[in-house]
Each structure stands twice: as C-alpha cells, then as structure tokens.
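A structural walkthrough
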Amino acid sequence: MEARLVGRTALITGAGSGIGAACAVRLAAEGAKVVVADINGKDAEAVAVRITKAGGDAIPMVTDVTQYAQVQAAVDETVRAWGRLDILHANAGITPCLLPVGECPEESWQHVLDVNLTGVFRCVKAALPVMRKQKKGVILATASMAGIVSSPSGIEYNVSKTGVIMLMRHVAHVYGPDGIRSIAICPGWVDTPFLEPLWDAFGGPGRNILRQSSPLGRFATAEDVASSVAFLASDEASFISGTAFMIDGATSAGSPIKRGMVARGYMAVRSTVRRLQGKPPAKLEP
Ligand SMILES: NC(=O)c1ccc[n+]([C@@H]2O[C@H](COP(=O)([O-])OP(=O)(O)OC[C@H]3O[C@@H](n4cnc5c(N)ncnc54)[C@H](O)[C@@H]3O)[C@@H](O)[C@H]2O)c1
C-alpha cells in the first residue's frame, strides 16, 4: 500500500458503510487521519475502531448532513483534533423512490435532494473557510453515473447527482485560485447495502441484468472506488479538478447487453414500478 496521504486530515460523510467506509479505511491506510462521520453512530464507531486497530488515526462523529450545525461540528472537530482539514469527501447519500417523475411523491423529491445535494452544499460551505485559509484543500463528492445517464425511474436521484457534479465544477472554478481542487466521483453500480432496495424490488433476474451492464461483467466493489478516491485526494492528481471522474467499468460507454436483455431490464424496472403501485409485477422470463 502506498502512503500518499501522510500528514493529511480527512472528513468523510456517510463513512459508516459501503463506499464511505472503504474510503475511510483506504485513506487511513495511506496515512491520513480521518473523521468518520455518519448519521448512524454505531457504524461510524465500528469503522473508526477498525482503522485504529490497524494502527491508523480515526474519530467517529454522529453527523446528519441535513443538519448544518452537525456538519459544522464535524469540520470543527477535525480542526480541533488535528489543526487542519485537507480532504473533504462529501459522500452520504440515499436511494430514490424508484418511480418515474409522474409518480414521484414530492416528499421523496425533497428528501433525496436534501440529503444528496443540499447535504453536499452544507459540507462545502462548512469546509471552505478552513481550506481557503490554508490555501490548500481537496473537495470530493460522491455523485454517480446516474448524474450523467438518465434512468427510467428514480429521477430525483439523477437530478441530485447532476447537481453535485455542477457544484463540484463551480467550486473548482471559483476556489481554484485558493489552492482548492474539487472533483465529482461518478461510480456505476457498486455492490454495497445501498443497492438492497433494488434487489428487493428487481429480484434475481434484475441483479444479473444490472451486473452485466458493465462490459467488465461485474459490479464495482467499494474498494474499487476507494482506490480512485485515494489517488484523487493525493498530490499525484494535482492537476485534476472540476471534472466528473467516472468509475463505472465502461457501463456508460456502451453496454454489451443484447437487445433482448435491454427489454428485460426495462421490464424489471416496470415490474418495480407496478409493485410499488400495488399491482402484480410485470412477468420476467428467467
Ligand atoms: N452503491 C452504488 O451503486 C452507488 C453508485 C453510485 C453512487 N453511489 C453513491 O455513493 C454514496 C455512498 O453510497 P453507498 O453505496 O456506500 O451506500 P451505503 O448505504 O452503503 O452507505 C451510505 C451511508 O450514508 C449514511 N447516511 C445516509 N443518510 C445520511 C445523512 N443524512 N447524513 C449522514 N450520513 C447519512 C448511511 O448511514 C450509510 O452509512 C451515496 O452518495 C450514493 O448515492 C452509490
């Protein structure tokens, strides 16, 4: 393992599970001191313990990104403990209601945007004064392939992630002169607990269809994303800023799925929509 982040401090939101947890472990393994922030205090604690047992430095924080005061407290704690904030990874996110826009309840629209987009905005607002004073910092936010490629359902999720991409471009544009880099991370399908509502809805056939949507024939692991995040947070990526960094195994480049499978993928989504409407699912051939 390289040690590209020795002497750096990092604050990661949604770090109690999946991608955020893998990033916390990876950044710590590369030498960073990490504040492990999550709405779920038990999960944050478990990740911080895992890091410290491996010889790293970590502090767990209960942080709900929909509450500005809690986000500010996480930034303050990073600076109080270690004197600076070098890396912000605004990663916390939630799944959408899996309905097309015509059936998307306003509450789901508001809630997904509040966590996935305004949550990143709150993190950026709280971190910028510290990083501008330091004249150095890296702001990463987990967007998604879904911020670039439209989906037949979950539009509030797509919109939230497109917003995150533009927010990162804006930060890179305006605060680059302060020594701040900013990048939107855009994973494709990553095998984490995040996808469980989809598997509940799609069942086995849906899972296989989605797995094959990458020409590489598999889902990403959280560690696949974490290795890119460690690189982007390091000085090796010192001229990468203002971009949407795809980690999708070429899923958005062109899928190897045959025409019949595309139709079945569409049927899987329709099936979900029907189930949520209380109707019998559309029939999927094995
Ligand atoms: N898994 C995928 O396929 C995938 C693909 C692209 C992008 N993403 C994005 O990656 C990010 C992480 O997702 P994951 O796959 O690791 O999911 P995950 O469910 O494993 O982890 C998400 C974490 O965010 C936390 N969280 C939820 N609401 C929060 C809030 N209000 N404040 C603070 N923390 C909160 C959860 O407690 C959880 O620990 C999300 O932004 C997600 O949209 C995931």
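1. Here we look at the overall build of the chain
Looking only at helices and strands, the chain has eight helices and seven strands in total. What you see for the chain is a C-alpha radius of gyration of 19 Å, in line with the 19 Å of a compact globule of 286 residues. Viewed in the frame of its principal axes, the chain has a C-alpha envelope of about 60 × 40 × 35 Å. Per-residue burial over the chain gives 47% buried out of 286 residues. Pairs at least 24 apart in sequence give 72% of the contacts found in the chain among residues at least 6 apart.

2. Some details on the nonpolar core
In terms of nonpolar packing, the biggest core is built from 78 residues, with Ala-24, Leu-27, Val-34, Val-36 and Ala-141 touching the most fellow members. Ranked by residue count, the leading element in this core is helix α4 (residues 106-134), at ten residues. Setting aside residues no more than four positions away along its own chain, Leu-27 makes contact with Leu-5, Ala-10, Ala-32, Val-34, Ile-87, Ala-230 and Ala-233.

3. Some thoughts on the packing of α4 against helix α5 (residues 155-175)
Between α4 and α5, the shortest axis-to-axis distance is 8 Å and the interhelical angle comes to 15 degrees. In terms of their interaxial angle, α4 and α5 are classed as roughly parallel. Crossing geometry of α4 relative to α5 is assigned as right-handed. Along its contact with α4, which presents Ser-108, Trp-109, Val-112, Leu-113, Asn-116, Leu-117, Val-120, Phe-121, Val-124, Leu-128 and Arg-132, the element α5 presents Glu-156, Tyr-157, Ser-160, Lys-161, Gly-163, Val-164, Leu-167, Val-171 and Tyr-175. In terms of residue class, the contact of α4 with α5 is made up of 13 nonpolar, four polar and three charged.

Procedures and definitions
- All residue numbers refer to position in the chain's written sequence, counted from 1.
- Note on the predicted model: pLDDT of at least 70 is required for a residue's local features to be given, and 80 or more for side-chain atom pairs to be given and counted; whole-chain, interface and lining totals, by contrast, use all residues.
- The numbering of helices and of strands both runs from the N terminus, where a helix is a DSSP run of H or I of at least 4 residues and a strand a run of E of at least 2.
- As a reference, a globule follows 2.2 Å times the number of residues to the power 0.38, and the radius of gyration itself is taken over C-alpha atoms.
- With C-beta atoms placed from the backbone, a residue is buried if 20 or more other C-beta atoms are within 10 Å of its own, exposed if 12 or fewer are, and partly exposed between those counts.
- Residues are treated as contacting if the C-beta atoms built from their backbones sit within 7 Å of each other.
- Put simply, a nonpolar core is a cluster of buried Ala, Val, Leu, Ile, Met, Phe, Trp, Tyr and Cys residues tied together by C-beta atoms within 7 Å.
- Orientation is described by lines fitted to C-alpha atoms, with helices fitted over the stretch in contact, and by angles between N-to-C directions that extend from 0 to 180 degrees.
- Comment on the angle field: the value is read as roughly parallel under 35 degrees, roughly antiparallel over 145, roughly perpendicular from 65 to 115, and oblique elsewhere.
- Whether a crossing is left-handed or right-handed is set by the direction in which the near helix is turned from the far one by less than a right angle, anticlockwise for left-handed and clockwise for right-handed.
- Polar here means any residue outside two lists: the nonpolar Ala, Val, Leu, Ile, Met, Phe, Trp, Tyr, Cys and Pro, and the charged Asp, Glu, Lys and Arg; Gly therefore counts as polar.

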